[in-house]
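As a plain string of letters, each chain reads:
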Amino acid sequence: MTKDKIEFISVGAVDHFLVQIGRVVEIGGRQIAVFRLSDNRIFAAVNKNPHPKGGPLAEGIVSGHYLYDPLYDWKIDLTTGLVQAPDTGQAQMVPVKIEDGQVWIGAGELQTV
């Protein structure tokens, strides 16, 4: 599925998302963790840690384009969702676009980017 064919839902102004702090928004009954990086890029993922024991992603610590999970010490690349070695796994990333200062999150089936 391409970004052109995904239904996007506005979740607020870019300025409402704090830099390097995760924020949870709910779309279609699912929690989405939204992260604004220090360079103002925005990434979103289903708010479920890929670790076998799960947990919320939104509580992680952002540095650069990585999310550091405080529960299991996993490092997740927000550009791909991939967990960095020596651990393995992948967070389910959600499409994001910014238009006119608004953050839009891809809805529907929440396809992996």
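Above: the structure in question.
Now for a quick tour of the structure. (Residues numbered from 1 in each chain as written. Predicted model: local features only at pLDDT ≥ 70, side-chain atom pairs only at ≥ 80, totals over all residues. Heavy atoms only, no water.)

## Some words on the pattern of salt bridges
Within the structure shown, the criterion is met by two salt bridges. Across the salt bridge formed by Arg41 and Asp39, the nearest N and O atoms sit 2.8 Å from each other. For Asp39, a relative accessible area of 44% puts it in the partly exposed group. When the shortest N-O distance is used, the salt bridge between Lys97 and Glu99 registers 3.5 Å. Exposure remark for Lys97: the relative accessible area of 28% places this residue in the partly exposed category. When its relative accessible area of 39% is taken as the criterion, Glu99 is described as partly exposed. (Salt bridge = Lys/Arg side-chain N within 4 Å of Asp/Glu carboxyl O. Buried < 20%, exposed > 50% of the residue type's maximum accessible area, 1.4 Å probe, protein only.)

## Here's the deal with the sheet that holds strand S5 (residues 61-63)
Adjacent strands of a sheet form backbone hydrogen bonds with each other and so pair up, either parallel or antiparallel. Pairing in this open sheet of three strands is antiparallel, and the strands run S5-S6-S7 from one edge to the other. At either end of the open sheet lies a strand with only one pairing partner, and these are S5 and strand S7 (75-77). Each strand of the sheet is rotated relative to its neighbour by a mean of 30°, with strand direction disregarded. (Pairing = 2+ DSSP bridges. Helix = DSSP H or I, 4+ residues; strand = E, 2+ residues; numbered from the N terminus. Axes fitted to C-alpha atoms, helices over the stretch in contact; angles between N-to-C directions.)

## As for unusual backbone geometry
In the segment running from Ala85 into Pro86, the intervening peptide bond is cis, with an omega of 15°. Among the secondary structure elements, Pro86 is positioned in the loop between S7 and strand S8 (93-94). The backbone of Asn40 sits at a positive phi, close to 75°, despite the residue not being glycine. Classification of Asn40 as partly exposed rests on a relative accessible area of 37%. Within the chain, Asp73 stands out as a residue other than glycine whose phi angle is a positive 60°. By the element assignment, Asp73 lies in the loop between strand S6 (66-68) and S7.

## A look at the sheet that holds strand S2 (residues 23-27)
Spatially, the four strands line up as an open sheet ordered S2-S3-S4-S8, and their pairing is antiparallel. Edge strands, defined here as strands with exactly one partner in the open sheet, are S2 and S8. As paired elements, strand S4 (residues 42-46) and S8 share two bridges and run antiparallel to each other. Looking at the pairing, Ala44 lines up with Val94 of S8.

## Some remarks on the packing of aromatic side chains
This model, assessed by the stated rule, comprises zero aromatic pairs. The aromatic ring of Phe17 is capped on one face by Arg23, whose charged end is 4.3 Å from the ring centroid. (Phe/Tyr/Trp six-rings, centres within 6.5 Å; stacked < 30°, edge-to-face > 60°. Lys NZ or Arg CZ within 6 Å of the ring centre and 35° of its normal.)

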